[in-house]
Amino acid sequence: MGLEDLQHNFLTGSLEDLVKWARRNSVWPATFGLACCALEMMATGAAHYDLSRFGMEIFRASPRQADLMIVAGRVSQKMAPVLRQVYDQMVEPKWVISMGVCASSGGMFNNYAIVQGVDQIVPVDVYSPGCPPGPETLMHSILTLHEMIRTGEITRRRADSGGGAGVHLDHPGPKVAVATPR
Amino acid sequence: MSDTDVPAGEVAVEEPALIHGFPSSLSHGQLVVHVDAGHYLELVTALRDDGYAFCADLTVVDYLLAIDRPMPTGVTPERFEVVVNLLSMDEGTRVRVRAQVPESDPTVPTLFGLYPGTEAMEREAYDMFGVVFEGHPDLTRILMPDDWEGHPLRKDYAVGRIPVQFKDAPGPR
Amino acid sequence: MDLTAETDEHSQELKRRSETSPAEGAIERGAVLRGVATSDDVDVEITDDETMIINMGPQHPSTHGVLRLMLELDGETVLRCKPIIGYLHTGMEKTGEDLTYLQGPTNVTRMDYASPLNNELVFALAVEKLLELELPARAQWIRMLMAELNRISSHLLFLATNGMDLGAISMMIYGFRDRESVLAFFEKTTGLRMNHNYIRPGGVAADLPDGWRDDVLRICDDLPVHLDEYDQLLTGQPIWRERTQGIGVITQEQAIAVSATGPILRSTGLPWDLRRTIPYLFYDQLEFDVVVGTYGDTFDRYAIRLNEVRESIKLVRQILDRMPAGDYRAQDKKVTPPPRARIDESMEALIHHFKIFTEGYKVPEGEVYVAIESPRGELGCYIVSDGSARPYRLHIRAPSFVNLQVLPHLLRGGLVADAVAVISSVDPIMGEVDR
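Residues numbered from 1 in each chain as written. Chains lettered and ligands numbered in written order. Predicted model: local features only at pLDDT ≥ 70, side-chain atom pairs only at ≥ 80, totals over all residues. Heavy atoms only, no water.

Report on the packing of aromatic side chains, specifying residues and quantitative values.
The full count for this structure, using the stated rule, is 9 aromatic pairs over all chains. Judged by centre distance (5.7 Å) and plane angle (15 degrees), the rings of Tyr63 of chain B and Tyr392 of chain C are stacked. Separated into two different chains, Tyr63 of chain B in the loop between strand 4 (54–62) and strand 5 (80–88) and Tyr392 of chain C in the loop between strand 7 (377–385) and strand 8 (393–397) make up a pair that spans both. In terms of burial, Tyr63 of chain B and Tyr392 of chain C fall into one category: buried. Taken together, the ring pairs connect Trp240, Phe299 and Tyr302 of chain C into an aromatic cluster. When the ring centre of Tyr63 of chain B is taken as origin, the NZ or CZ atom of Arg69 of chain B, which lies over that ring, is 3.6 Å away. The ring of Tyr283 of chain C has Arg275 of chain C lying over it, and the distance from NZ or CZ to the ring centre is 5.9 Å. (Phe/Tyr/Trp six-rings, centres within 6.5 Å; stacked < 30°, edge-to-face > 60°. Helix = DSSP H or I, 4+ residues; strand = E, 2+ residues; numbered from the N terminus. Buried < 20%, exposed > 50% of the residue type's maximum accessible area, 1.4 Å probe, protein only. Lys NZ or Arg CZ within 6 Å of the ring centre and 35° of its normal.)

Hey, could you go over the interface of chain B and chain C for me, with residue numbers and the actual values?
Each partner contributes to the interface: chain B provides 59 residues, whereas chain C provides 53 residues. Here chain B and chain C share an interface that buries about 4,700 Å² over both sides, 55% of which is from carbon and sulfur atoms. Our count for the chain B to chain C interface comes out at 6 salt bridges. Between chain B and chain C we count 28 residue pairs in polar contact (both at pLDDT 80 or more) in total. Elements with a minimum of two residues in the side of chain B that touches chain C: strand 3 (30–36), strand 4, strand 5, strand 6 (93–101) and helix 2 (118–129) of chain B. (Contact = heavy atoms within 4.5 Å. Buried area = accessible area lost by both parts, 1.4 Å probe. Salt bridge = Lys/Arg side-chain N within 4 Å of Asp/Glu carboxyl O. Polar contact = N/O pair within 3.5 Å; in protein donor to acceptor, adjacent residues only side chain to side chain.)

Before we move on, can you summarise the interface of chain C and chain A with the specific residues and values?
At the interface, 38 residues of chain C touch 33 residues of chain A. Surface buried jointly by chain C and chain A totals about 3,200 Å² across both partners, of which 65% is contributed by carbon and sulfur atoms. Where chain C packs against chain A, one counts 1 salt bridge. Its salt-bridge partner being Arg193 of chain C, residue Glu40 of chain A comes within 3.0 Å of it at the nearest N-O pair.

Explain the sheet that holds strand 3 (residues 77–84) of chain C residue by residue, including any values.
All names here are of chain C. Spatially, 1-2-3 is the arrangement adopted by the 3 strands of the open sheet, whose pairing is antiparallel. Two strands in the sheet have a free side with no partner beyond their single neighbour: strand 1 (52–56) and strand 3. Direction aside, the axes of adjacent strands within the sheet are offset by 25 degrees on average. Relative to strand 3, strand 2 (residues 68–74) is paired through 7 bridges, and the arrangement is antiparallel. (Pairing = 2+ DSSP bridges. Axes fitted to C-alpha atoms, helices over the stretch in contact; angles between N-to-C directions.)

Structure representation (structure tokens):
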């Protein structure tokens, strides 16, 4: 039973908040480090930048146990069906952060070998720019995702448009995380 | 030790010196031997017996757009060139073999029997250029998906850019 | 939608023994390196339906990136192994033909993304050889400093991931902690933590910042203490030894036959290190030891990399003391862009800047192969130039691509858990494997 099935009224309000709080404070990422961005993702999980304070330090190898897929790196033609397969194996509610410019748009590799943007394959919730995005940018995109979960924007969007992947959105699109200058 | 095979002070000669009967040249201090596809295996075997027991690299160059490149006398330039870099660990010297492979019959014998390390290198050369290595145990694509059509690094294969929405900006080429 | 069919790689996969040719089967069993004839050493007593063919990867926590291994297992024992690569193929060699020589380092730096400065270095050395360009001493020494620091950060990454793969999960945290101090110095000097585009043909992009001596000295002072801690944590520990000693053994002849270089070759006892045997930059003026192993097993490769960090620290200290003053890049106006301030003053400087950044500088016709010792082995760059501003052919000889060929031999007869240890000790970086 997901939040989408609830009749929204004042009684279920605090229940919704509780569920959203639980969801955003223990998002478990799936290991999907492909290239250079994977090293920055690992650095974000390590002690200096520490994803553990957000409840995200365990990267689940099995997509069945994961909530979030951080596509970290360039997606080649051979890898695209694998990416889709892993995404489909994840259980709802699931989110995707496209980390780095290669995952977001093909990056500097505008050629035959790289899929020009992972949103051609899976629906992306947050795009994270950078080559590679530093740990601070990645954390900002994760916190943006948490904010989207907190305001329920994601579940409302999915409920309205039918949920699942491969759907085009008319609503204001996903947010772009921008690293704040020091 | 340096990676040149020629003692310092020796002037490059007009006629290329013959290594095992094949013309050679110096490219920025590096010894290069030119051969045709027919005698390629014979030359590499001879070099291996000379002490070049390590095959550092095997690759192919597609000279479609530069077919009339400067070559030593006696060497007919072809479209494809198989380039093999060999290394002698005892001497610390390198030698490069450039074999001319025609487009009409892009086949050369495999070096797998001499250097097992060329297995992956030859598969990559086949995948990227379509040069067939006769006798290779498993000549299938290695980098592209198995059902990919075309050989990407050939000069007549487009880069595959998609148009990007920058106003009036020309691409790199 | 039949997902299995979509992810099938057909002829690139490991097939049942009945469907595999004898020659291919010999490679998958690692028989070629053992010098065994194709028909010997096949597990005839085990039939096709008693074994499992399973897939490890490409999405897997322990395969170090997108490496796909197909294994034929008898229970937990590996009989045959076939690595399938190409899941990170980026067409970098094709892209390299479209980029000018000034833009080249941005492309090659992303191949071996654990030691990006080494990729840039080999590319820059190859281009400079074609240009026959002389570099000022300071530029070369700065390059050596950055290359050695990059070796340290790459080996720390190895220690972190190797430890985690074998169960010492705290090693992951420690390794990344030390990496952070090196990456912070890189960020201060080059502007980026990774993929720096700092070492360019003609020199380096910018001079070392003020106070670099203190930063580097701090790294050199703090790191050996931590390394001793890791030594204590891992080297003598019985579980670590059980899991690494005698696992994944390779002999010197096998390593040379399969063209393996780097710690894999050195673990067999051969002191082959290009910094010593075919020196480049000013390595022949520096004192350091080439670390070799004895048994060619996983433990040796771990110990070699740990001690290579110590040797690199030794080198960095020497470079610290001997860093000369001078230019950080060649003063050839056609190759290196003028300083930004001069653009306001001189028309000629403006024109040079414009031409170098838009058209690029032309490199004379020719071809050259240059190799350096990257943390993974012999990293080579073969460039063919047709006289224009872009390479006609750019080929990078990636050490991990060649080193991966040892896997069928090393995995044979071991358990699946040993497979994880062995892959980790080979330390492949898939970016340079697939390019």
